[in-house]
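Understanding the architecture of this molecule
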Amino acid sequence: MNTPVQATKPADPSLLIMGYEVVIGFETHAQLSTRSKIFSRAPTAFGAEPNTQACAVDLALPGTLPVMNKGAVERAIEFGLAVGSHIAPRSIFARKNYFYPDLPKGYQISQFEIPVVQGGAVEFYLAPSSGSGPSEKRSVRLVRAHLEEDAGKSLHEDFIGQTGIDLNRAGTPLLEIVTEPDMRSSAEAVAYAKELHKIVTWIGICDGNMQEGSFRCDANVSVRKPGAELGTRREIKNLNSFKFMQQAIDYEIRWQIEELEDGRAIQQATVLFNPDTGETRAMRTKEDAADYRYFPDPDLPPLVIAPEWVERVRAGMTELPRVMAQRFCADYGLSDYDATALTQSREVAGYFEAAAQACGQPKLVGNWIMGEVSRRLNLAEADISACPITPAQLAQLVTRIQDGTISNNAARQVLDALWSAPEGSVDAIIEAKGLKQMNDTGALEKIVDAVLAANPKNVAEFRAGNAKALNALVGQIMKGSQGKANPQQVNALLLQKLA
Amino acid sequence: MTQLSSDLHDLTVAQLATLLSERKVSAVEAAQHFLTRAAQHTELGVFLDVQPDITLAQARAADARLAAGNAGPLTGVPLAHKDIFVTRDFTSTAGSKMLQGYHSPFDATVVARLGTGVAGSNPGAGMVTLGKLNCDEFAMGSANENSAYGPVKNPWDTTCTPGGSSGGSAAAVAARLTPAATGTDTGGSIRQPASFCGVTGIKPTYGRASRYGMVAFASSLDQAGPLARSAEDCALLLSAMCGPDPDRDSTSLDVPAEDFTRSLTADLAGLRIGIPTEFFGEGLAPDVRAAVDAALKEFEQLGARLVPISLPRTELSIPVYYIIAPAEASSNLSRFDGVKFGFRADQYTDLNDMYLQTRDQGFGDEVKRRIMIGTYVLSHGYYDAYYLQAQKIRRMIADDFQQAFQVCDVIAGPVAPTVAWKLGGHSDPLADYLADIFTLPASLAGLPGMSVPVGFGAGHLPVGMQLIGNYLQEARLLNVAHRFQQATDWHTAKPQGI
Amino acid sequence: MSLSTTDIDRLAHLARLGLASEERTRMRSQLNDFFGIVEKMRAVDTTGIIPLAHPVEIMGDVALRLRDDIASEPNQREANQRNAPALENGLFLVPRVIE
């Protein structure tokens, strides 16, 4: 139910593909992490025996009626607050009528004209299309997020000529989150999806498990010449991995452009992405799609949400990534970009704050987490929760860099050592490996004097105004100190002696 | 005992309850007596399912409660349920081939409250179920001729319709095959058959009785209620049926259960009875009018004052109702697709054909007609002109009643324009729709309404008077009806040959 | 306003009713008779009137009742599937669904 809004932003030339502007909107179905179904008391746990979690209400047995789950509404409110939406004080459940074997009532209870969550936006940073330069802040506007019930599953395997219907999933609460067609590239689309995934898992309203279908994305893709009306869109259904998402959208964009270039018009369609072929294919158009005969569900009076309830939910919510990032900027003097990076997950944020507070060096700690630490984690395909080094250890390492005990190079060696033997202490490793920087000025002066004496030519050149000559001398001195000299100190000493 | 039990079936619910509580009759005796009568009067076609073993087991349980001294006022009294209510122990067909032999895994809330109770919340009245009663398919009809299991015959003239859709309920009570029965009323389905069969029936305020376990026809209109032989009996049953069902029905009202017998005998002096001009137009048959007028005079005798009022949109209620009800029905009946339960066609080529064949063979003509109407008025491009427009006029109709209740306490008029017509007498479905004109307005407004026998018309067929009260005024309606029945004996009249 | 045979076909399809052709013809005339009496209703001026979805709204504001998030329904698959037309390994069977 995307409401195509004319996106007025002028096309960014760097994003044009063969002269076409790409326009993408998203519809995401997030399964809400309630214990019971949205309109029945049956459990929602994944993977149970077929139809053992489908009660009389879920099966639409004659005489059954829906009774709304408060937990689902609370989660919808939390989401709305997380993305700055308006929480409708009064929203309406409607019936969407169509026949399908996994839809027990012959209609889906959803929200149509008046959804519970209205407006809002998802903000994130996007690496520049040019590939270099700073990341840009992007904001994708939300049209709405509404509550609805999930359908069951059709199993086509092992039944000769027949399909098996498992209704365990029928009635699982969903929040369908609909964006404006604000995205202009597959990269931006994936970045949006990742940010949305981060938000719903961060606030804990959805487990985010894409394999099990807890977080399903549909992408509405169209292309147009810059400034033209929105093109006809095709909807790519059930993108259940970020990797496929990018592939599917890129393929779809190319396909649409080629169609248009070959003079064929795009037909509105629902398509599926086949990971094996890497292609999108139009589904057999679901019949009745044209006419769902929506009308307010007479079994369900209006959903009324008092302001007090919204405030109670707000008060009980964990600090949101956006808010936490702002705090990191204010309290720790981090840049927007760093603060966002360090609030990718609650785990990373927690790790950062623990280390930063332990050593009072937030910027250094941040650089090390985003640099050396995450590089090693990526290699191990692990996340921060699996990091062998504790925040306290990282704090200690950063302290040693800060007080000049070791150089950055030496610190990397310490990190490597800790990584393989986490029980070790930073100072012990520095000792054992003899990584301490030479801070004994007397010893350093001897080396400096020796080097100056041994290199009159460079000295002369420097005095003659060739700054480069200094570097040669510094190099000699560092060598003479087996790299343990503190470069700043060496510079200072040299300049003083050559003055 | 035996000479007494020979005419047990002539006793009212109140009288039977007294004998049972005084242990002068056992629940088993009473049940046995009515089971025998049911077996003797199958020609009326009222019962769709009878399970003597289950009935007698319930009766023994009731006797145990009576013996143990933890019985309620109705414990042991037999009753029968309209087949629209799903039951665990009896089949539940809703009068449709679609649900032939259907066994519900649970009891409707109303059935549980009247019977063995709702687990955890309500002990149950301990009444004994005699069986399930015939009705129009999915409660769609005014003559009980739309049942897949054959028509019900009017005990007063077996060539006539008992009315519908609760025709089996009304006929069973009139024929003394049960002291009382449950029914459901969507557009008049309790009041009109009660009127045609000369029994007393009440439809409470929408939301008073839980809809959980009622096979849904039109969700915003369906409401359960009792049919019996007196207002007092209806009051006793209604008290047991009503009450919030927060765990199962989101539209059940948050008003506590009431004792509707509390004010039965209150004086009617000063009662203002509103007489809607539109209910007494040329559409009203003279014989019905005569009986209703006589009853109004009787009320004046009892100290009531007649106040002329207007319900200007009475005629509009026909199109409004026949758009809203089918719209909701078209959606409610989509679950009958041959996948999870009920009928599935034997022959089909693929999934879509299975749907087409199953629903074509499983539904009767009237049901299909209403599904088509409902599908149309909800479909793209017509929703605003039909469904939405109807919902707007529905509010105007409800507001008209509130206007009227400024100047009167209850509203009185005919239930139907005529007495019962011949079976097969209405070849044109539209004729049935038009005959609902006087019951539809209160249904659309969700107001309580009842039918009280006030005499006989052509062919010595019963005439019912309709009483409509404001929201939650059931006790007042029952009081008005009870005082009338204390002063008259129309409600005690008994069909010949029964 | 009058329903055409294509209207009837479209509605029969939407409602999944495999009506035989003579039934469609009868249905069409009956529906057109009915919509004859509906015309009066369409003419009524309802500007500014709020549709009445739940009759008890007249008594005062109605709000959806919410239940606590507790999973208390036991597994009753056997009882729930007792009336199923076709089953295998606890699954409802239908003719093959092609996507």
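The structure displayed is predicted, hence computed values, not measured ones.

1. Quick notes on the overall build of chain A
Regarding its fold elements, chain A presents 15 helices and 18 strands. Taken along its principal axes, the extent of the C-alpha atoms in chain A is 100 × 55 × 50 Å. Among the 499 residues that make up chain A, the fraction classed as buried is 54%. Sequence separation of 24 or more characterises 70% of the internal contacts of chain A that already satisfy a separation of 6 or more. Here chain A contributes 51 positively and 60 negatively charged side chains, and the mean placements of these two sets differ by 4 Å.

2. With respect to the overall build of chain B
Helix and strand counts for chain B stand at 16 helices and eleven strands. For chain B, the C-alpha radius of gyration of 21 Å lies close to 23 Å, the compact-globule estimate for 498 residues. Each principal axis of the C-alpha atoms in chain B carries an extent, and together these give about 65 × 55 × 45 Å. The 498 residues of chain B split such that 68% are buried. For chain B, restricting intrachain contacts to residue pairs at least 6 apart in sequence, the fraction spanning at least 24 positions comes to 75%.

3. Quick notes on the pattern of salt bridges
Following the criterion strictly, the structure yields 59 salt bridges over all chains and no others. A salt bridge links Glu136(A) to Arg138(A), with the shortest nitrogen-to-oxygen separation between them at 2.9 Å. We note a salt bridge from Asp182(A) to Arg141(A), for which the minimum N-O separation is 2.6 Å. Of this pair, Asp182(A) sits in the loop between β12 (173-179) and α2 (186-202) while Arg141(A) sits in strand β9 (residues 136-149), and the two are 41 residues apart along the sequence. Look at Arg141(A) and you get partly exposed, because its relative accessible area is 35%. Sharing partners across several salt bridges, the network here consists of Arg95(A), Asp297(A), Asp299(A), Arg211(B) and Asp249(B).

4. What about the confidence of the model for chain B?
Here chain B shows a mean pLDDT of 96. Residues at 70 or above account for 99%. Among the scores for the predicted complex, ipTM is 0.97 and pTM is 0.90.

5. Here we look at the sheet that holds strand β17 (residues 295-296) of chain A
Residue and element names in this part refer to chain A. With antiparallel pairing, three strands are arranged side by side in an open sheet as β6-β5-β17. Two strands lie at the open edges of the sheet, namely β6 (107-111) and β17, each paired on one side alone. The pairing of strand β5 (residues 93-97) with β6 spans five bridges and is classified as antiparallel. Looking at the pairing, Phe 93 lines up with Gln 111 of β6.

6. Examining the interface of chain C and chain B
Put simply, an interface is often sized by how much accessible area is lost when its parts join up. Taken together, the contacts link 55 residues of chain C with 71 residues of chain B. Here chain C and chain B share an interface that buries about 5,500 Å² over both sides, 67% of which is from carbon and sulfur atoms. A per-residue breakdown of the area chain C buries against chain B is headed by Met41(C), Arg65(C) and Asn83(C), which together make up 14% of the total. There are five salt bridges connecting chain C and chain B. On inspection of chain C and its partner chain B, the count reaches 21 residue pairs in polar contact (both at pLDDT 80 or more). Among the elements of the structure, α1 (5-14), α2 (21-43), α3 (77-80) and β3 (91-95) of chain C are those that each provide at least two residues to the side of chain C that touches chain B.

7. A closer look at unusual backbone geometry
Geometrically, the link from Gly164(B) to Ser165(B) is a cis peptide bond, its omega value of 5° lying close to zero. In this structure, Ser165(B) sits in the loop between β3 (128-133) and α6 (167-174). Positive phi is not limited to glycine here, since Leu472(B) has a value of about 65°. In this fold, Leu472(B) is placed in the loop between β11 (462-469) and α16 (474-487). In this structure, Asn89(C) is a non-glycine residue whose phi angle is positive, near 45°. Structurally, the position occupied by Asn89(C) is in the loop between β2 (87-88) and β3.

8. Concerning empty space enclosed by the protein
Residue and element names in this part refer to chain A. Inspection of the entire model under this criterion finds eight cavities of 30 Å³ or more. Space inside the largest cavity adds up to approximately 160 Å³. Residue lining of the largest cavity: 21 residues in total, with Phe 39, Val 57, Asp 58, Lys 105 and Glu 149 positioned closest to the centre.

9. Comments concerning the layout of surface pockets
All names here are of chain A. Within this model, the second largest pocket holds a volume of roughly 1,300 Å³. Lining the second largest pocket are 40 residues, with Lys 194, Lys 198, Ala 341, Gln 344 and Ser 345 sitting closest to its centre. When residues in the lining of the second largest pocket are grouped by element, the largest group, nine residues, is from α2. Mapping the lining of the second largest pocket onto the domain boundaries places at least three of its residues in each of domain 1 (13-308) and domain 2 (319-433).

10. A few points about the environment of Ala88(A)
All names here are of chain A. Residue placement: Ala 88 occurs in the loop between β3 (86-87) and β4 (90-91). For Ala 88 and Pro 307, which are 219 residues apart along the polypeptide, the C-alpha to C-alpha distance reads 9.7 Å. Each residue touching Ala 88, except ones within four places of it in the same chain, is listed here: Pro 115, Val 116, Gln 118 and Ile 305.

11. Quick word on the interface of chain C and chain A
The interface is formed by 34 residues belonging to chain C together with 55 residues belonging to chain A. Taken over both partners, the interface formed by chain C and chain A buries close to 4,000 Å², and the fraction arising from carbon and sulfur atoms is 58%. Taken together, chain C and chain A are joined by two salt bridges. Linking Arg10(C) and Asp291(A) is a salt bridge whose minimum nitrogen-to-oxygen distance equals 3.7 Å. In this assembly, chain C and chain A are joined by 21 residue pairs in polar contact (both at pLDDT 80 or more). Going through the elements one at a time, α1, β1 (66-67), α3 and β3 of chain C are the ones with two or more residues in the side of chain C that touches chain A. In terms of residues, the side of chain C that touches chain A owes the most to one element, β3(C), which gives five residues.

12. What to know about the nonpolar core
By size, the foremost hydrophobic cluster in this structure holds 212 residues, and its most contacted members are Phe138(B), Phe401(B), Leu478(B), Phe34(C) and Phe35(C). Setting aside residues up to four positions removed in sequence, Leu478(B) forms contacts with Ile202(B), Ala231(B), Cys234(B), Ala235(B), Leu238(B), Phe260(B), Leu264(B) and Met450(B). Of all hydrophobic cores here, the second largest spans 108 residues; its members include Ala82(A), Trp202(A), Met317(A) and Ala410(A).

13. Let's talk about the confidence of the model for chain A
Interpreting fine coordinate detail is not advised for predicted regions of low pLDDT. Looking at chain A, the pLDDT average stands at 91 and 96% of residues meet or exceed 70. Confidence drops under pLDDT 50 across residues 1-7 of chain A; counting only partners more than four residues distant or on other chains, this segment forms 32 contacts.

14. Regarding the pairing of strand β1 (residues 21-31) of chain A
All names here are of chain A. Most of β1 is tucked away, with eleven of its eleven residues classed as buried. Burial along β1 is two-sided: Glu 21, Val 23, Gly 25, Glu 27, His 29 and Gln 31 and Val 22, Ile 24, Phe 26, Thr 28 and Ala 30, pointing in opposite directions, are all buried. In this sheet, strand β13 (residues 215-224) lies alongside β1 in antiparallel orientation, the contact comprising ten bridges. Among the inter-strand pairings, Ile 24 is bridged to a residue of β13, identified as Val 221. Sheet analysis places β1 next to β12, joined by five bridges and oriented antiparallel. Within β12, the residue paired with Glu 27 across the bridge is Val 178.

15. Description of the sheet that holds β3(C)
In a beta sheet, neighbouring strands pair by backbone hydrogen bonds and run either parallel or antiparallel. Ordered by their spatial adjacency, four strands build an open sheet running β10(A)-β11(A)-β3(C)-β2(C), and the pairing between neighbours is antiparallel. Two strands lie at the open edges of the sheet, namely β10 (153-155) of chain A together with β2 of chain C, each paired on one side alone. The sheet contact formed by strand β11 (residues 162-166) of chain A and β3(C) spans four bridges and is antiparallel. From the neighbouring strand, Gly164(A) faces β3(C), where its bridge partner is Leu93(C).

Conventions adopted
Residues numbered from 1 in each chain as written. Chains lettered and ligands numbered in written order. Predicted model: local features only at pLDDT ≥ 70, side-chain atom pairs only at ≥ 80, totals over all residues. Heavy atoms only, no water. Helix = DSSP H or I, 4+ residues; strand = E, 2+ residues; numbered from the N terminus. Buried < 20%, exposed > 50% of the residue type's maximum accessible area, 1.4 Å probe, protein only. Contact = heavy atoms within 4.5 Å. Lys, Arg positive; Asp, Glu negative; His and termini not counted. Charge placed at Lys NZ, Arg CZ, Asp CG, Glu CD. Rg over C-alpha atoms; globule rule 2.2 N^0.38 Å. Salt bridge = Lys/Arg side-chain N within 4 Å of Asp/Glu carboxyl O. pLDDT = per-residue confidence, 0-100. Pairing = 2+ DSSP bridges. Buried area = accessible area lost by both parts, 1.4 Å probe. Polar contact = N/O pair within 3.5 Å; in protein donor to acceptor, adjacent residues only side chain to side chain. 1 Å grid on protein atoms, 1.4 Å probe; cavity = no way out; pocket = protein on both sides within 12 Å on 5 of 7 lines; lining within 4 Å. Points joined across faces, edges and corners; volume = space filled by probe spheres on them. Domains from an automatic or database assignment. Core = buried A, V, L, I, M, F, W, Y, C linked by side-chain atoms within 4.5 Å.

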